[in-house]
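# Per-entry structural report
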Amino acid sequence: MKLFIDTANVNEIRIAKDWGIIDGVTTNPTLLAKEVKHTCRERQEILREICELVHGPVSAEGISLDAIGIEKEGEDLSRIHKNIVIKVPVTPEGIKAMRMLRSKGIKVNATLVFSCNQALLAAKAGANYISPFIGRLDDVGQDGMGLIAEILDMLDNYEFESELIVASVRHPLHIVEAMQLGAPICTVPFKVLEAMFNHPLTDKGIEKFVNDWDKAREVMHK
Ligand code: G3P
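Procedures and definitions
- Residues numbered from 1 in each chain as written.
- Predicted model: local features only at pLDDT ≥ 70, side-chain atom pairs only at ≥ 80, totals over all residues.
- Heavy atoms only, no water.
- Helix = DSSP H or I, 4+ residues; strand = E, 2+ residues; numbered from the N terminus.
- Buried < 20%, exposed > 50% of the residue type's maximum accessible area, 1.4 Å probe, protein only.
- Contact = heavy atoms within 4.5 Å.
- Areas by Shrake-Rupley, 256 points an atom, 1.4 Å probe, with all protein chains shown as cover.
- Lys, Arg positive; Asp, Glu negative; His and termini not counted.
- Charge placed at Lys NZ, Arg CZ, Asp CG, Glu CD.
- Pairing = 2+ DSSP bridges.
- Right-handed = clockwise from strand over helix to strand, strands pointing away.
- Core = buried A, V, L, I, M, F, W, Y, C linked by side-chain atoms within 4.5 Å.
- Axes fitted to C-alpha atoms, helices over the stretch in contact; angles between N-to-C directions.
- Parallel < 35°, antiparallel > 145°, perpendicular 65-115°, else oblique.
- Nonpolar A, V, L, I, M, F, W, Y, C, P; charged D, E, K, R; others polar.
- Left-handed = near helix turned anticlockwise from the far one by under 90°.
- Polar contact = N/O pair within 3.5 Å; in protein donor to acceptor, adjacent residues only side chain to side chain.

### A short note on the overall build of the protein
Across its full length, the protein holds 11 helices and eight strands. With respect to the three principal axes, the spread of C-alpha positions in the protein is 80 × 40 × 30 Å. Within the protein, the fraction of its 222 residues that count as buried is 45%. When contacts within the protein are restricted to residue pairs at least 6 apart in sequence, long-range pairs at least 24 apart make up 56% of them. Carbon and sulfur atoms make up 55% of the accessible area of the protein, which totals about 12200 Å². The protein carries 26 positive and 32 negative side-chain charges, and their two centres are separated by 4 Å.

What follows is the structure, given as structure tokens:
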């Protein structure tokens, strides 16, 4: 499974990159707005730095809603770096924009996907990635992971080349369930990546190894 980090925070990306387990980055207008506000840096500048840090796909999304606007903003964003992927929502205008961007060789990540029908439309429009937001579905009492299973089947049944990105991940169990379904990519917030390391028996085990070793050295040096 590929692990992407779902953030626009350069410090978080740098730490996760140093762990050596990050294959790509996803951002969205909310995540970028937060960093623009906190750092007083332009969106382009932040995205360029992210692309220089992580050598994999970096998703970025504009705020235009009509096909021409999405295409124009997508082209501008894609000029920042060759690894930029344009996130586009699956609306009638978004689907048109996906085709337009794909015909120019610009990669597309279909975003805000909440149904298998939306995923089918995105796959038919040639989206490179499809991002169902599972946490937001869980929030409204629907089965986020069930949607992942449906979309994986659909992509497999019709041999589409779009890759599914499990998005809106809220806790480590989401990643375990996504692995069990064979999802190719999960995009994970920094806090959840950190939580993936945690197990009390690991901490307890390390403490015991260090104590036992220290005791042996005390005996040896008496
Ligand atoms: O990748 C999608 C993600 O950015 C949305 O996550 O937690 O805002 O639902 P969340």
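### Some points on the pairing of strand S8 (residues 185-188)
Residues Ile 185 and Thr 187 of S8 are buried on one face, and the alternating residues Cys 186 and Val 188, pointing to the opposite face, are buried as well. Examined bridge by bridge, strand S1 (residues 2-6) and S8 share four bridges and lie parallel to one another. Across the sheet, the residue bridging to Leu 3 is Cys 186, located in S8. Here two bridges tie strand S7 (residues 163-166) to S8, and the two strands are oriented parallel to one another. Bridge pairing links Ile 165 to Ile 185 in S8. Read as a crossover between parallel neighbours, the route from S7 over helix H9 (residues 172-180) to S8 is right-handed.

### Concerning the environment of Met 1
Tracing the backbone through its elements, the reader meets Met 1 in the segment before S1. On the basis of relative accessible area, Met 1 is assigned to the partly exposed category, the value being 43%. Considering only alpha carbons, one finds Met 1 and Ile 185, 184 residues apart in sequence, at a separation of 5.5 Å.

### Section: the nonpolar core
Counting residues in hydrophobic clusters, the biggest one holds 59 residues, and the most contacted among them are Ile 84, Met 98, Ile 130, Ile 151 and Val 166. The leading source of residues in this core is helix H8 (residues 144-157), at seven residues. Apart from residues no more than four positions distant in its own chain, Ile 84 is found in contact with Leu 47, Cys 51, Val 58, Ala 60, Leu 77 and Ser 78.

### A short note on the packing of helix H1 (residues 10-19) against helix H3 (residues 43-53)
Across the interface, H1 lies against H3 with an axial gap of 10 Å and an inter-helix angle of 5 degrees. Between H1 and H3, the angle is such that the two are roughly parallel. Of the residues in H3, those touching H1 at Val 10, Ile 13, Arg 14 and Lys 17 are Ile 46, Glu 49, Ile 50 and Leu 53. Taken together, the residues of the contact of H1 with H3 sort by class into five nonpolar, no polar and three charged.

### Let's talk about the packing of helix H4 (residues 67-78) against helix H5 (residues 92-103)
Between H4 and H5, the shortest axis-to-axis distance is 8 Å and the interhelical angle comes to 40 degrees. Looking at the two axes, H4 sits oblique to H5. The interaxial crossing formed by H4 with H5 has right-handed handedness. Together, Ala 67, Ile 68, Ile 70, Glu 71, Gly 74 and Glu 75 of H4 and Glu 93, Gly 94, Lys 96, Ala 97, Met 100 and Leu 101 of H5 make up the contact between the two elements. Looking at the contact of H4 with H5, its residues break down into six nonpolar, two polar and four charged.

### With respect to helix H2 (residues 29-39)
By the N-cap criterion, in which a side-chain oxygen at the helix start approaches the backbone nitrogen of a residue two or three places on, H2 is capped by Asn 28, the distance to Thr 30 being 3.0 Å. Just beyond H2, the residue with positive phi is Cys 40, at close to 55 degrees.

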